[in-house]
Amino acid sequence: MERIISAASRLFAALGYDATTMAQIAEAAELDIDTVMEIAGSKRELYLAVMGRGYTEQKAVLEGALARIDESGAPQVAASIHALIDDYLEFCLNNPDISALLMHRWLGDAADLRDLEQIYNEPLVNSVLTVFNRMAEAGLLDSDADVELCVRTIAWTTIVFVRYATMSSPPAGFLAGERTVARFRVHLHRLSARMLGLAPTSPAETPP
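Residues numbered from 1 in each chain as written. Predicted model: local features only at pLDDT ≥ 70, side-chain atom pairs only at ≥ 80, totals over all residues. Heavy atoms only, no water.

## Some remarks on unusual backbone geometry
Here's step 1: At E30, a position not held by glycine, the phi torsion is positive, near 60°.
Here's step 2: On the secondary structure map, E30 appears in the loop between α2 (22–29) and α3 (33–40). (Helix = DSSP H or I, 4+ residues; strand = E, 2+ residues; numbered from the N terminus.)

Right under this line is the structure:
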């Protein structure tokens with residue numbers, strides 16, 4: 001099953017659900033179609049398995065980061081939120097297929113599979129919002145901050161960046177690599193600091 005899900009994930013990420021066939025998945029997994037369908041079921045079932053795995057893996061990363069949130073003071077909150085952002089960015093960079101799958105969805109892929117965002121994405125957003133809203137109510141975040149849009153902005157920005165950074169041929173003018181990732185990480189820290197009113201955690205992250 002692992003072999004089939006890995007092959008399907010790569011193809012769904014590269015081509016989208018609608019453009020991927022079971023024959024292509026079977027070929028990528030080096031199995032015949034009958035075997036793939038016997039083990040994994042239909043293309044729809046396989047797509048849901050791929051999406052479900054991505055959700056489970058992201059959930060584990062976010063739960064770990066949220067559990068380490070330190071609400072004892074403003075500097076600790078800032079450091080904790082930036083650590084969460086770093087963990088999420090690292091996860092997305094290590095799992096670029098997830099960003100590609102989400103971008104295909106945004107473009108209308110698998111339109112016949114409704115409510116996937118409610119099943120797989122919103123629970124993740126809500127888990128972060130619960131903690132951030134609690135900190136806002138405790139006065140640890142800027143009272144004027146739109147916490148929900150901040151969380152979604154960080155997620156959307158990260159997904160798009162990772163999609164560009166992991167392309168085999170990035171667009172002209174966009175230089176991928178560790179230096180660009182480091183710049184983007186600092187950018188996310190500054191962005192979150194400004195949106196949420198966080199204390200700077202290092203001189204490099206102090207907004208100009």
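From this point, the discussion proceeds with the structure in view.
## A closer look at the pattern of salt bridges
Here's step 1: In the structure shown here, the tally under the stated rule is 9 salt bridges.
Here's step 2: Residues E63 and K59 are paired through a salt bridge, measuring 2.7 Å at the closest nitrogen-oxygen approach. One end of the pair, E63, and the other, K59, are both in helix α4 (residues 43–67), 4 residues apart, so they sit about a helical turn from each other.
Here's step 3: With relative accessibility at 43%, the residue E63 sits in the partly exposed group.
Here's step 4: Taking relative accessible area as the criterion, K59 reaches 32% and is therefore assigned partly exposed.
Here's step 5: E148 is the partner of R152 in a salt bridge, and the nearest nitrogen-oxygen pair spans 3.0 Å. On the criterion of helical spacing, the pair formed by R152 and E148 is a turn pair, its members being 4 residues apart in helix α8 (residues 147–165).
Here's step 6: Residue classification places R152 among the buried residues on the basis of a relative accessible area of 15%. (Salt bridge = Lys/Arg side-chain N within 4 Å of Asp/Glu carboxyl O. Buried < 20%, exposed > 50% of the residue type's maximum accessible area, 1.4 Å probe, protein only.)

## Side note on the packing of helix α1 (residues 2–15) against α2
Here's step 1: One way to put it is that α1 packs onto α2 with a least axis distance of 8 Å and a crossing angle of 125°. With respect to α2, the element α1 is oriented oblique. As α1 packs across α2, the resulting crossing turns out to be right-handed. Contact residues: R3, I4, A7, A8, R10, L11, F12 and L15 in α1; Q24, I25, A28 and A29 in α2.
Here's step 2: The residue makeup of the contact of α1 with α2, split by class, is 9 nonpolar, 1 polar and 2 charged. (Axes fitted to C-alpha atoms, helices over the stretch in contact; angles between N-to-C directions. Parallel < 35°, antiparallel > 145°, perpendicular 65-115°, else oblique. Left-handed = near helix turned anticlockwise from the far one by under 90°. Contact = heavy atoms within 4.5 Å. Nonpolar A, V, L, I, M, F, W, Y, C, P; charged D, E, K, R; others polar.)

## A short note on the nonpolar core
Here's step 1: If you look at the biggest cluster of nonpolar residues, it comprises 66 residues, and the most contacted ones within it are I25, Y47, I81, F132, M135 and L196.
Here's step 2: In contact with I25, not counting residues within four places along its chain, are I4, A7, A8, L11, F12, T20, V36 and L46. (Core = buried A, V, L, I, M, F, W, Y, C linked by side-chain atoms within 4.5 Å.)

## Topic: the side chain of S80
Here's step 1: Inspection of the secondary structure assignment puts S80 in helix α5 (residues 74–94).
Here's step 2: Beyond its immediate stretch of four places on either side in the chain, S80 contacts R68, I69 and D70.

## Here's the deal with α3
Here's step 1: The backbone nitrogen of D34 lies 3.1 Å from a side-chain oxygen of the residue at the head of α3, namely D32.
Here's step 2: Two residues or fewer after α3 comes G41, characterised by a positive phi angle close to 90°. (Polar contact = N/O pair within 3.5 Å; in protein donor to acceptor, adjacent residues only side chain to side chain.)

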